[in-house]
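# Breakdown of the fold
So the chains spell out like this:
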Amino acid sequence: MYITDIPPGLSARVPAEQRGPGLGRDAVRLLVSRGSERVSLHAFRELPRLLRAGDVLVVNTSATLAAAVDGRLGGEDVVVHFSTRGDGEYPGAESGEGRWAVELRDPVGRGTTGPRANGPAGAVVELPGGHRLLLEEPLAAGADRLWWARPLGPAGPGGAARADVPGLLQAYGRPIRYAYTERDQPLSAYRTVFAVPGADGAGSAEMPSAARPFTAELVARLVSGGVQFAPLTLHTGVASQEAHEPPYPERYEVPATTAWLVNAARAAGGRVIAVGTTAVRALESAADGAGVVRAAGGWTDLVVTPERGVRVVDGLLTGLHEPGASHLLMLEAVAGRAAVRRGYAEAVARLCLWHEFGDVHLLLKDETGD
């Protein structure tokens, strides 16, 4: 265990640009871990001098959805978090076609939510605009936080129409928000500079937040210094704030151009640095046993652990994760347990901020002489 709990006052309650006049998204701090003994703290704007020409930053272009919608179930208010659209064959299920994985939460005041028991099968959630949500079955055996649900549109002359969930979210949704934040934020606050809205309305239930501190100006400075950017897409589902389960399968796509950029960088001695755990999961899913990346897409159920290791990634830029979060195993796979422990001890000592609006952590494999 790195820390038993996030120390009081170290949760980022508002975006960096709202903490004072003249601040931008990049007004966060950057903790850098190089091996198990070398930890330093910087301003995020210093990133260009901490990287080198030939490095490739792999970024997730998934756009965050307004995935929280108010509803009613059995005469009670609920909040529905739309997690993942089940288009096509979902691992472990006969088919997710036409269904969404959802989490039902209890509203607890001030715009935030708490956990609640989900189900039962056959229950119908009433949504705005006459839409409804039919709960069918848990997403995975033995886990009932997320359920497969079939969205139904307003009933017409021929019966219930199939719901347009992207349209529903656009009309009635808001970004998913947790109790450690101070107030509601516009959807733009939850989208990164790399976000590309999906033509089919697909996106992430929660922001791929490691990329949030990047600005167009900082990207230009990095590119002018010889750092390249390689895009991919992984649509993130709803994280577990209470149970810290392993990640569920998620939809991803690694384009051929990104595979080429990554393979060329590795062949030339450059470093491949993933921006966020989502980028690691997608990139490693597209790599073979020798670390060669190919264009790939679909569903990935890969869980990156120290035992599995990483085959492509040389570094990871990520936020600070909660105690017990399964993502910490991925950090260990990249940099080793000792480096992660040392980094988190330094984060607490230097009063770094946690969560999606907080500070970020760059973990690099130990390189002698670097």
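Before any of the text, the structure's been laid out above.
Since this is a predicted model, take the numbers as computed values, not measurements.

Rules used in this analysis
- Residues numbered from 1 in each chain as written.
- Predicted model: local features only at pLDDT ≥ 70, side-chain atom pairs only at ≥ 80, totals over all residues.
- Heavy atoms only, no water.
- Core = buried A, V, L, I, M, F, W, Y, C linked by side-chain atoms within 4.5 Å.
- Buried < 20%, exposed > 50% of the residue type's maximum accessible area, 1.4 Å probe, protein only.
- Helix = DSSP H or I, 4+ residues; strand = E, 2+ residues; numbered from the N terminus.
- Contact = heavy atoms within 4.5 Å.
- Phe/Tyr/Trp six-rings, centres within 6.5 Å; stacked < 30°, edge-to-face > 60°.

## Things to note about the nonpolar core
With 50 residues, the main nonpolar core has V58, V280, L283 and V293 as its most contacted residues. Breaking this core down by element, the ones donating at least two residues are β3 (56-60), β12 (228-234), β13 (250-254), α4 (256-267), β14 (272-275), α5 (277-285), α6 (327-335) and α7 (337-349). If one sorts the elements of this core by residue count, α6 sits on top with six residues. Beyond its immediate sequence surroundings of up to four residues, V280 is in contact with A274, V304, V310, V313, L316 and M330.

## Considerations on the packing of aromatic side chains
A complete count under the given rule lists eight aromatic pairs for this structure. Ring plane angle 85 degrees and centroid distance 5.8 Å describe the contact between F82 and W100, whose orientation is recorded as edge-to-face. Of this pair, F82 sits in strand β5 (residues 76-85) while W100 is found in strand β6 (residues 100-109), placing the two residues 18 residues apart along the sequence. On the accessibility criterion, F82 (0% relative accessible area) is buried. The buried category is assigned to W100, whose relative accessible area is 6%. Taken together, the aromatic side chains of F44, F194, F214 and F229 make up a single cluster linked through ring pairs.

## Digging into unusual backbone geometry
P120 follows G119 through a cis peptide bond whose omega is 0 degrees. The residue H355 is not glycine, and still its phi comes out positive at about 80 degrees. One can find H355 in the loop between α7 and β17 (360-364).

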